[in-house]
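Each chain, letter by letter, is given below.
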Amino acid sequence: MPVSPSDFEEHADRVDDEFEDEIARRASISRRYYSIFHRFREENADHDESKFTYRTGDHREASDFLNRLGYNDLADDFHSIRSKRNEADYDIDDSIGEFEYQMFLADLEDFERAANEEDLL
Amino acid sequence: MKGTINPSEKYESTSENAGRSQREKHRARNSAKALSATHGHHTTSEISTTKSTTLSTPPTYYEWKSHPAIDRELERYIKSDRELRQTVIDSIRTLTHEVPHAKISAFLEHDPEEPETTRPVIEVRDDFDEVDQYRSLKTKVQEIVRDAERGDAMVYTRISRA
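Since this is a predicted model, take the numbers as computed values, not measurements. (Residues numbered from 1 in each chain as written. Chains lettered and ligands numbered in written order. Predicted model: local features only at pLDDT ≥ 70, side-chain atom pairs only at ≥ 80, totals over all residues. Heavy atoms only, no water.)

1. Description of the overall build of chain A
In terms of regular secondary structure, chain A is built from five helices and zero strands. When the helices and strands of chain A are listed from N to C terminus, the series reads α-α-α-α-α. For chain A, the proportion of its 121 residues judged to be buried stands at 49%. Taking the contacts inside chain A whose residues are at least 6 apart along the sequence as the reference set, 58% of them involve residues at least 24 apart. Accessible area of chain A: about 6,300 Å², with a carbon and sulfur share of 44%. With 15 positive and 35 negative side-chain charges, chain A shows a spacing of 6 Å between the two charge centroids. (Helix = DSSP H or I, 4+ residues; strand = E, 2+ residues; numbered from the N terminus. Buried < 20%, exposed > 50% of the residue type's maximum accessible area, 1.4 Å probe, protein only. Contact = heavy atoms within 4.5 Å. Areas by Shrake-Rupley, 256 points an atom, 1.4 Å probe, with all protein chains shown as cover. Lys, Arg positive; Asp, Glu negative; His and termini not counted. Charge placed at Lys NZ, Arg CZ, Asp CG, Glu CD.)

2. Some words on the interface of chain B and chain A
Size of an interface: often given as the accessible area lost when the parts come together. With 27 residues of chain B in contact, the opposing surface of chain A contributes 31 residues. Buried area between chain B and chain A, summed over both chains or domains, comes out near 2,400 Å², and the portion from carbon and sulfur atoms is 41%. Counting every contact that joins chain B to chain A gives 13 salt bridges. Among the salt bridges present, the one from D110 of chain A reaches R135 of chain B, with a minimum N-O distance of 2.9 Å. Put simply, chain B and chain A have 26 residue pairs in polar contact (both at pLDDT 80 or more) between them. (Buried area = accessible area lost by both parts, 1.4 Å probe. Salt bridge = Lys/Arg side-chain N within 4 Å of Asp/Glu carboxyl O. Polar contact = N/O pair within 3.5 Å; in protein donor to acceptor, adjacent residues only side chain to side chain.)

3. Overview of the sheet that holds strand 2 (residues 118-126) of chain B
All names here are of chain B. Strand order in the open sheet formed by three strands is 1-2-3, and the pairing between neighbours is mixed. Edge positions in the sheet fall to strand 1 (103-110) and strand 3 (156-161), since each of these pairs with one other strand and no more. Direction aside, neighbouring strands of the sheet carry axes that sit 30° apart on average. In this sheet, strand 3 lies alongside strand 2 in parallel orientation, the contact comprising six bridges. When the sheet's bridge partners are listed, V121 is paired in strand 3 with Y156. (Pairing = 2+ DSSP bridges. Axes fitted to C-alpha atoms, helices over the stretch in contact; angles between N-to-C directions.)

4. A short note on empty space enclosed by the protein
One pass over the structure, following the stated rule, counts three cavities of 30 Å³ or more. Considered as a void within the structure, the largest cavity measures approximately 120 Å³ in volume. If you go around the largest cavity, you meet 14 residues; those closest to its centre are H79 and R82 of chain A together with D111, T117 and R119 of chain B. Mapped by element, the contributors of at least two residues to the lining of the largest cavity are helix 3 (58-69) and helix 4 (72-90) of chain A together with strand 1 of chain B. It is helix 4 of chain A that contributes the most residues to the lining of the largest cavity, five residues altogether. By residue class, the composition of the lining of the largest cavity is one nonpolar, seven polar and six charged. Empty space within the second largest cavity amounts to approximately 50 Å³. Around the second largest cavity, the lining residues are E9, R32, S35, I36, R39, L108 and E112 of chain A. Looking at the lining of the second largest cavity, the elements that each hand over two or more residues are helix 2 (22-44) and helix 5 (98-117) of chain A. (1 Å grid on protein atoms, 1.4 Å probe; cavity = no way out; pocket = protein on both sides within 12 Å on 5 of 7 lines; lining within 4 Å. Points joined across faces, edges and corners; volume = space filled by probe spheres on them. Nonpolar A, V, L, I, M, F, W, Y, C, P; charged D, E, K, R; others polar.)

5. A closer look at the environment of R150 of chain B
Structurally, R150 of chain B is set in the loop between helix 6 (131-148) and strand 3. Setting aside residues no more than four positions away along its own chain, R150 of chain B makes contact with E83, Q86, T87 and D90 of chain B.

Structural data, given as structure tokens:
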């Protein structure tokens, strides 16, 4: 059964509602990253400046596309979200506490708001 | 600030490191001798290439760096890109002045899922315990780095808690 980008976010909400431990925070960061990534790619796949291939490299392309448009702060914010997602899934020896999770949510909110303002989401 | 020696590397001259340096010099001489024996006479450019290859192999006794906050891998990455190099250096200098209590470092970030993806990153590590402080610092750092960016160069930022 197909899913949509918003399903990733709803799943993250359910995880947040039911659990409060570190593995839940990591799962939530990962799901929320994919939600925004899929939304952003879907929204901009047909943009003249985008080079999304729906293969490996599209995570990089998201930042590169924004950089080509001159939205370097947005590219920076997207990169920050991506880095925090990588830390959540790969850097298992580093602790991701509630504050680190709140930092991720702040980045996500900032990116979402600014991308909406530029009609990129 | 081309030509600055990183003090922390310059002065790590313990007897062990000094010994290592001597061994490296010895290896370099032996390597040059071996090449000479194999190929006979060298032209000037061949000798230069051999010397360069040998001396660029880490760890070296000390290494010239654009700024002490820049790690070796990023230094090599930005070496041939004048705009990016200047962007990194100017960003670090301004950040050091504008956010004096923070620890500044610059490195090359590798994406674990996309090996070909590398990003030059400046990390600012500071004390804060409110999300608003994090946002405020992030905005300030981004402004400074954006102001320093030249041409097509872009440097990514990371704000971390000390």
